[in-house]
Amino acid sequence: MEASHLIWTEEKRRERYRTGVMSLCDVECRSPEGRLRTFSVIDCPDWVNVIPVFEGSLGREFLMVHQWRYGSAELSVEFPGGVVEKGEDPEAGARRELEEETAHRAGRLIKFGSLRPNPAIMSNTVHFYLAEDLIPLSRQNLDEDEFVDVLRISEKEVIANMGKPPYIHSLSAAALAFYLIRK
């Protein structure tokens, strides 16, 4: 699909604010017609989301995490995931996040795909993986500001409740969509 008539060209980028997880930039761009405009862009590292799957006595189950989310100020049940560290391959990040948050190692990790969380204002990519043949480890290895309970929840319950509290995380909904497409 030819679309060169839609492409803007970045002329200049200036960082306005930086935190440990993102920076806010003013990005000066030239429109396809030559007009210059400034847009705000949030630069974030890439993220990973992992769907850990078990075959349980009642059928297929997911390993999920229950944690507090500061932005929405509420509890969330979601698939494990997090930031890809600088210089880290997304697959390595997915393996690390799974191990840290759930105390399980993936015997097999399959990439579903990648999406842009909000391409209108964000520069990063989220990578989605399926984890199978899970191997239990001795303990979680959480960051100092992470407090996470690990839950085993039936596939049926997650599908029925995604989008209702506490299944509120849009990236978990996207991960579940990839899972259902593959299934």
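Here's what I pulled together on the structure shown here. Here the residue index of a chain counts from 1 through its sequence in written order. Local features in this predicted model are restricted to residues of pLDDT 70 or higher, and side-chain atom pairs are both shown and tallied only at a pLDDT of 80 or more, whereas totals for entire chains, interfaces and linings draw on every residue. Water and hydrogen atoms play no part in the side-chain values, which are based on all heavy atoms of the structure.

To qualify as a helix, a DSSP run of H or I must reach at least 4 residues; to qualify as a strand, a run of E must reach at least 2; elements of each kind are numbered from the N terminus. Within the protein, the secondary structure is distributed over three helices and ten strands. Going from N to C terminus, the protein has its helices and strands arranged as β-β-β-β-β-β-β-α-β-β-β-α-α. For the C-alpha atoms alone, the extent of the protein along its principal axes is close to 60 × 40 × 30 Å. The buried share among the 183 residues of the protein stands at 38%. Partitioning the contacts of the protein with sequence separation of at least 6, the portion at a separation of at least 24 is 57%. Here's how the labels work: a residue is buried when its accessible area is under 20% of the maximum for its type, exposed when over 50%, partly exposed in between, all with a 1.4 Å probe on protein chains only. Here, residues are in contact when the closest pair of their heavy atoms is within 4.5 Å.

Attention now goes to the pattern of salt bridges. Salt bridges are identified by distance alone: a Lys or Arg side-chain nitrogen within 4 Å of an Asp or Glu carboxyl oxygen. Scanning the entire structure with this criterion turns up 18 salt bridges. Here D43 and R13 are joined by a salt bridge, their closest N and O atoms 2.9 Å apart. Taken together, the residues D43 in strand β3 (residues 36-43) and R13 in strand β1 (residues 9-18) connect sequence positions 30 residues apart. As a salt-bridge pair, E88 and R96 come within 2.8 Å of each other at their nearest N and O atoms. Across this residue pair, the class does not change: E88 and R96 are buried. Within the structure, one salt-bridge network assembled from shared partners comprises E85, E88, R96, E97 and E100.

It is worth spelling out the sheet that holds β1 at this point. Two strands are counted as paired when DSSP detects at least two bridges linking them. As summarised here, the arrangement of the three strands in space is β1-β2-β3, forming an open sheet in which the pairing is antiparallel. In the strand order of this sheet, the two ends are held by β1 and β3, each with one partner. Recorded for the sheet is a direction-independent mean angle of 25° between the axes of neighbouring strands. The pairing of β1 with strand β2 (residues 23-30) spans eight bridges and is antiparallel. Considered in β2, the bridge of E10 is made with C29. Comment: axis = line fitted to C-alpha atoms, over the contacting stretch for helices; angle = value between 0 and 180 degrees taken between N-to-C directions.

Buried and open spaces are told apart on a 1 Å grid over the protein atoms alone, a cavity being a set of points where a 1.4 Å probe fits but cannot get out and a pocket being an open set with protein on both sides within 12 Å along at least five of seven lines. Residues with an atom within 4 Å of a point are the lining residues. Grid points are joined across faces, edges and corners, and a volume is the space filled by probe spheres set on the points. In this structure, the largest pocket occupies an estimated 970 Å³ of space. Around the largest pocket, the lining comprises 40 residues; the ones closest to its centre are W47, R69, G81, G82 and V83. Residue assignment for the lining of the largest pocket shows that the elements contributing at least two residues are β4 (47-56), β5 (59-69), β7 (81-83), α1 (90-102), β9 (126-136) and α3 (170-182).

Further remarks concern the nonpolar core. Each nonpolar core is a collection of buried residues, namely Ala, Val, Leu, Ile, Met, Phe, Trp, Tyr and Cys, held together in the definition by side-chain atoms within 4.5 Å. Core analysis: the largest hydrophobic core is formed by 21 residues, its most contacted members being I51, F62, M64, F79, F128, V158 and Y179. At the level of secondary structure, the elements contributing two or more residues to this core comprise β4, β5, β8 (104-115), β9 and α3. Element by element, the count of residues in this core is highest for α3, at six residues. In contact with F128, other than residues within four places in its own chain, are N49, I110, K111, F112, G113, S114, L115, L171, A174, A175 and F178. Counting residues in hydrophobic clusters, the runner-up holds twelve residues, among them V50, L98, A106 and Y129.

So, about the packing of aromatic side chains. A pair of aromatic rings is counted whenever rings of Phe, Tyr or Trp (Trp by its six-membered ring) have centres within 6.5 Å, and the orientation is called stacked for planes under 30 degrees apart, edge-to-face for over 60 and tilted otherwise. Taken as a whole and judged by the stated rule, the model has five aromatic pairs. Look at F62 and F79: their rings are 5.3 Å apart centre to centre, the planes differ by 85°, and that puts the pair in the edge-to-face class. With F62 in strand β5 and F79 in the loop between β6 (74-78) and β7, this pair connects stretches of sequence that are 17 residues apart. Like F79, F62 is buried. Here the aromatic residues F62, F79 and Y179 are joined through ring pairs into a cluster of three or more. Geometry around F54 places R152 over its ring, the cationic atom sitting 3.9 Å from the centre. Each ring is checked for a lysine NZ or an arginine CZ that lies within 6 Å of its centre and within 35 degrees of its normal; such an atom marks a charge sitting over the ring.

With that out of the way, let us pick up the pairing of β3. The pairing of β2 with β3 spans eight bridges and is antiparallel. The partner of D26 across the bridge, within β3, is S40.

Moving on: the pairing of β2. Along β2, the buried face is formed by S23, C25, V27 and C29; none of L24, D26, E28 and R30, which line the opposite face, is buried. The antiparallel hairpin formed by β1 and β2 contains four residues in its connecting segment. In sequence, β2 turns back onto β3 through a hairpin of five residues, with G34 there showing a positive phi of about 95°.

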